[in-house]
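Summary of the model geometry
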Amino acid sequence: MQVRTPITIITGPLGSGKTTLLRHLLNSVSKPMAVVMNEFGEIPIDGTVIAGKNVLLKELAGGCVCCSLIGEFEAAMNEMIDTVDPEKIVLETTGVAEPEALVFDIEERLSRVRLDGIVSIMDADGLLNFPSLGHTTRMQIESADLLLLNKVDLVPERELHPLEEKLQQLNQTAPIVRTQFCHVDMDLLFGIARERTVEPPHHVHQLEFDSFSYSSAVIFDREKFEQFAANLAPDVYRAKGFIRFTDGIYLFNFVAGRWNFEPFAHKDTVLVFIGRQLANAKELMLNRLRACEEAATLHKVDAS
Ligand SMILES: Nc1nc2c(ncn2[C@@H]2O[C@H](COP(=O)(O)OP(=O)(O)OP(=O)(O)O)[C@@H](O)[C@H]2O)c(=O)[nH]1
């Protein structure tokens, strides 16, 4: 009988820390690890963040693996198994993926892989500031084999226990580990292989979020861009990408009003914005982004 390759699913809401966990994981392994990344936006950012770092990478962009991209997912699995036959595969889902449908597909439809475990990353700061849980987040908690309560550095210590209780009410079996930047013993992520009842998903997954992207070869004015970022919420929940300022290119990450920059080698500016009903805000945002470019160009002219 053919051995089925174990898959570990890394899931959790937008910006909770899935790529951060993967980056640690890839730093901790001695040989390349097989990773499938599914991103919500058309332009894959996370794949670029981890590309080349000890990874055999397949990217599925522009849709959700739990609904529209299952065919592509199967093809990616098969190609990996046929070419490198990995010991295990890690799948990073989009922040809006519902694991139940994916579990059904893996266990019942994909004959060459089996589910090892579901690691759900919960953003402690997000849980505190947005206490009403959406359907997708609930499912991500309920289906978890391991729950990481991440970003504990952003939340007062006294708030952590109530958050853990909230998670436990939805999932009595998964251990909850408090983490900062997803620092966790990597052995906890693998070899879970819990028996679970697999039921066909009942619903059609409705995506709650829209996204659009912006690319540019021009240098941005950092101060203007920071003002732009400061006014992104509440239309935008998540933004990410690469941005060129006068002193170099940075990885930009924005989650629910908090953002940071990290120096990162990349060619040009490319940014993805994700939020609810973004269509209304999009034109204004594009104009404000262009204004950041113009300001930088004028600075360059001034300087010469
Ligand atoms: N303060 C703080 N920031 C964190 C922590 N973990 C992750 N971050 C930051 O949160 C932002 C989003 O992290 P990612 O790992 O990209 O999140 P993600 O879940 O992969 O995001 P999507 O794939 O877009 O859903 C980045 O700026 C991270 O540096 C943490 O424990 N504390």
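Residues numbered from 1 in each chain as written. Predicted model: local features only at pLDDT ≥ 70, side-chain atom pairs only at ≥ 80, totals over all residues.

On to the confidence of the model for the protein chain. Here the protein chain averages 89 in pLDDT, while 93% of its residues score no lower than 70. Scored as a whole, the predicted complex attains pTM 0.93, and scored at its interfaces, ipTM 0.99. (pLDDT = per-residue confidence, 0-100.)

Among the residues of helix α1 (residues 18-28), Lys18, Thr19, Thr20, Leu21, Leu22 and Leu25 are the ones counted as buried. Contact partners of the buried residues in α1: β1 (5-11), β2 (33-39), α2 (46-50), β4 (89-92) and β5 (113-123). (Buried ≥ 20, exposed ≤ 12 C-beta atoms within 10 Å, placed from the backbone. Helix = DSSP H or I, 4+ residues; strand = E, 2+ residues; numbered from the N terminus. Contact = placed C-beta atoms within 7 Å.)

Let us now look at helix α4 (residues 99-109). Residues three or four positions apart in an α-helix share a direction because the helix packs 3.6 residues into each turn. Among all positions of α4, only Pro99, Glu100, Ala101, Leu102, Val103, Asp105 and Ile106 are buried. Of the surrounding secondary structure, the elements contacted by the buried residues of α4 are β1, α3 (70-83), β5 and α6 (135-142).

Mapping Ala281 onto the fold places it in helix α9 (residues 279-303). The exposure class assigned to Ala281 is partly exposed, which follows from the 19 C-beta atoms found within 10 Å. Distance in space between the C-alpha atoms of Ala281 and Tyr237 is 12 Å, their sequence separation being 44 residues.

Next up on the list: the sheet that holds β2. Strands sit in the order β3-β2-β4-β1-β5-β6-β7 across an open sheet of seven strands; the sheet is parallel. Across the chains shown, the open sheet's two edge strands, defined by having one partner strand only, are β3 (55-61) and β7 (176-178). With strand direction ignored, the average angle separating the axes of adjacent strands in the sheet is 20 degrees. Most of the contacts of α4 go to β5, to which it runs at about 165 degrees, and overall it touches β1 and β5. (Pairing = 2+ DSSP bridges. Axes fitted to C-alpha atoms, helices over the stretch in contact; angles between N-to-C directions.)

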